[in-house]
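Breakdown of the fold
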Amino acid sequence: MSHHLSPLLKQASHVCVDHGKGSWLFDVEGKAYLDFTSGIGVTSTGHCHPHVVAAAQEQAGKVIHAQYTTVSHEPMLQLSDRLAGRMPKGIDSVAFSNSGSEAVETAMRLARHATKRANIIVFNGGFHGRTLGAASLTTSGTKVRTGFHPLMAGVVVAPFPHAWRYGWSEEQTTEFCLNELDHILKTQSAPSDTAALLIEPVQGEYGYYPANAAFMRGLAERCQQHGILLIADEVQAGYGRTGKFWSLDHFGVLPDIVVTAKGLASGFPLSAIGASAELMAKGMPGSQGGTYGANAVACAAALATLDVIEQEQLVENAAARGQQMLGQLQSLQSDYSWIADIRGMGLMLGMEIAESPTRPLPDIAASITAACEAEGLLLLRCGIDGQTVRFLPPLVVSEAEINDAMARLSRALQRVAV
């Protein structure tokens, strides 16, 4: 049957969903799938968690849209307080938007206003969104940039410590990247012109590359030295996914601005940035806002999401289940020469399918995800060639469900290897 969706929409599976529960999706024919995509990391509390559903239903019966530059509402005010309590030290003020792209642009605007500087330094492989400004900051692949020029000026790209891609040790890669950043500050973007460094502490779309403590400390030191702001894009990796509440928490560095979205409201569209009240006050009045930002139902769902994360200890579960899954993936790696690398943190793991860093095998990766779908396991791919199979189960995933998923993956790999 033909429908009327744009042909530019490319879907990763053939599944038409009827309903979901926890870590599972059920299609219109009743087939069950273990969902290790979580809507690209969005359904942090699983599908239709009863507490989130009840909160959204109750709020929808009170008020759905209370436009937040016109009136305030209790879910927004309460969420601002709860979020401020979860932010890294020194961050005590929150601004809401709808999507990760909007939040990234809000953070960039604040940085430029506050510093009176124009340039933003980003890191090779970062994904920050699809809107014009966010796409200008994105270098995880050309698909969000090609045919979209001219892009926004004032963006400079520095190297990220992709040790596996470079073929160097982590120490060598980190030293190279920091030296190159220093070179950029001398040749392309003087510190007096640089408003912020914007980074995904654990990169998503490029292939699930974590940074490391030495690199992140190096960035923080240079920011402090030159009065540059450090912006952490936690849209995909934040909110408990890596086994810490913020992925930056792994590296012992404090940012000036945090950007969050995806898992914030368990599937309702909501994003936010956090900064100190002092820094927020340096922005231009009226520069933050939007028609649907801080939607009342989305805020109620976000409050319920925080309840579930805390009460069910989902950050701790992400760490434990991530270690379980990592060990099983590494065991499978030894059986297949084309599984070149396993990397990531917590419940954000990537399996690189390649002969070498310069010889990716995206066709095999596509065959793996297709075979997994036939086995009832939904996975996504990422990486510049689509060569990285990624594992993003909800934070509520159980030990038994990890074992189940890895058994399905094992059967799929055997089928692909034949």
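Along each chain, numbering runs from 1 in the same order as the chain's sequence is written. With pLDDT at 70 or above as the cut-off, local features in this predicted model cover only qualifying residues; side-chain atom pairs require 80 or more to be listed or tallied, and sums for whole chains, interfaces and linings still use all residues. Only hydrogens and water are set aside; all other atoms, that is, all heavy atoms of the structure, feed into the side-chain values.

Some points on the packing of aromatic side chains
Let me state the cut-off plainly: Under the pairing criterion, centres of Phe, Tyr and Trp rings, with the six-membered ring standing for Trp, must be within 6.5 Å; the plane angle then separates stacked pairs below 30 degrees from edge-to-face pairs above 60, leaving the rest tilted. Between buried and exposed lies partly exposed: a residue is buried under 20% and exposed over 50% of the maximum accessible area for its type, with that area taken using a 1.4 Å probe on protein chains only. For a Lys NZ or an Arg CZ to count as sitting over a ring, it must be within 6 Å of the ring centre and within 35 degrees of the ring normal.
The tally for this structure, following the rule as stated, stands at 10 aromatic pairs. Seen from their ring centres, Tyr239 and Phe245 are 4.9 Å apart, and the 50° between their planes marks the pair as tilted. When sorted by exposure, Tyr239 lands in the same class as Phe245, which is buried. Members of the aromatic cluster, each reached through a chain of ring pairs, are Phe123, Phe160 and Phe215. Here the basic side chain of Arg165 rests over the ring of Tyr166, its NZ or CZ set 4.8 Å away from the ring centre. We note Arg343 situated over the ring of Tyr209; from NZ or CZ to the ring centre the distance is 3.8 Å.

Things to note about the environment of Pro269
Going by this rule: Numbering of helices and strands starts at the N terminus; helices are DSSP runs of H or I of at least 4 residues and strands are runs of E of at least 2. In what follows, residue pairs with any heavy atoms lying within 4.5 Å of each other are defined as contacts.
Residue position: Pro269 is located in the loop between strand E9 (257-260) and strand E10 (271-275). Judged by its relative accessible area of 55%, Pro269 falls in the exposed class. Along the chain, Pro269 and Val297 lie 28 residues apart, while their C-alpha atoms are 9.6 Å from each other. In this structure, Pro269 is in contact with Asn98 and Ala298, ignoring residues within four places of it in sequence.

Brief notes about unusual backbone geometry
For the bond running from His149 to Pro150, omega is 5°, close enough to zero to count as cis. Among the secondary structure elements, Pro150 is positioned in the loop between helix H5 (132-136) and strand E6 (155-158). Although it is not a glycine, Cys48 sits at a positive phi angle of roughly 55°. With respect to the element layout, Cys48 can be found in the loop between helix H1 (38-41) and helix H2 (50-60). Of the residues examined, Cys48 reaches a relative accessible area of 54% and is grouped as exposed.

Digging into the nonpolar core
It is characteristic of soluble globular proteins that their nonpolar side chains tend to be buried jointly. As a reminder of what qualifies: Put simply, buried Ala, Val, Leu, Ile, Met, Phe, Trp, Tyr and Cys residues joined by side-chain atoms within 4.5 Å make one nonpolar core.
By size, the foremost hydrophobic cluster in this structure holds 64 residues, and its most contacted members are Phe36, Phe96, Met351, Phe391 and Leu409. With nine residues, the top contributor of residues to this core is helix H10 (residues 296-311). Of all hydrophobic cores here, the second largest spans 32 residues; its members include Phe123, Phe160, Leu219 and Ile228.

Details of the pattern of salt bridges
Cut-off, in case you're wondering: For this document, the term salt bridge refers to a Lys or Arg side-chain nitrogen within 4 Å of an Asp or Glu carboxyl oxygen.
Overall, the coordinates contain 12 salt bridges when judged by the stated rule. In this structure, the salt-bridge partner of Lys62 is Glu58, at a minimum N-O distance of 3.5 Å. When salt bridges with common partners are traced through the structure, they connect Arg82, Arg86, Asp307 and Glu310 into a single cluster.

Things to note about the sheet that holds E10
The cut-off we apply is this: Note: two strands are recorded as paired if DSSP finds a minimum of 2 bridges between them. The convention used is that axes are lines fitted to C-alpha atoms, helices contributing only their stretch in contact, and that angles between N-to-C directions extend from 0 to 180 degrees.
Pairing within the open sheet is mixed, and its seven strands lie in the order E4-E10-E9-E8-E7-E5-E6. Edge positions in the open sheet fall to strand E4 (93-97) and E6, since each of these has one partner strand only. Ignoring which end each strand starts from, the neighbouring axes of this sheet average 20° apart. As defined by bridge partners, strand E8 (residues 229-233) adjoins E9 across three bridges and the pair is classed as parallel. When the bridges of E9 are listed, Ala232 appears paired with Val258. Seen against the sheet, helix H4 (residues 100-115) touches E4, strand E5 (119-123), strand E7 (194-199), E8, E9 and E10 and runs at an angle of roughly 25° to E10. Against the sheet, helix H7 (residues 170-187) makes contact with E5, E6 and E7, and its axis sits at roughly 155° relative to E6, the strand it touches most.

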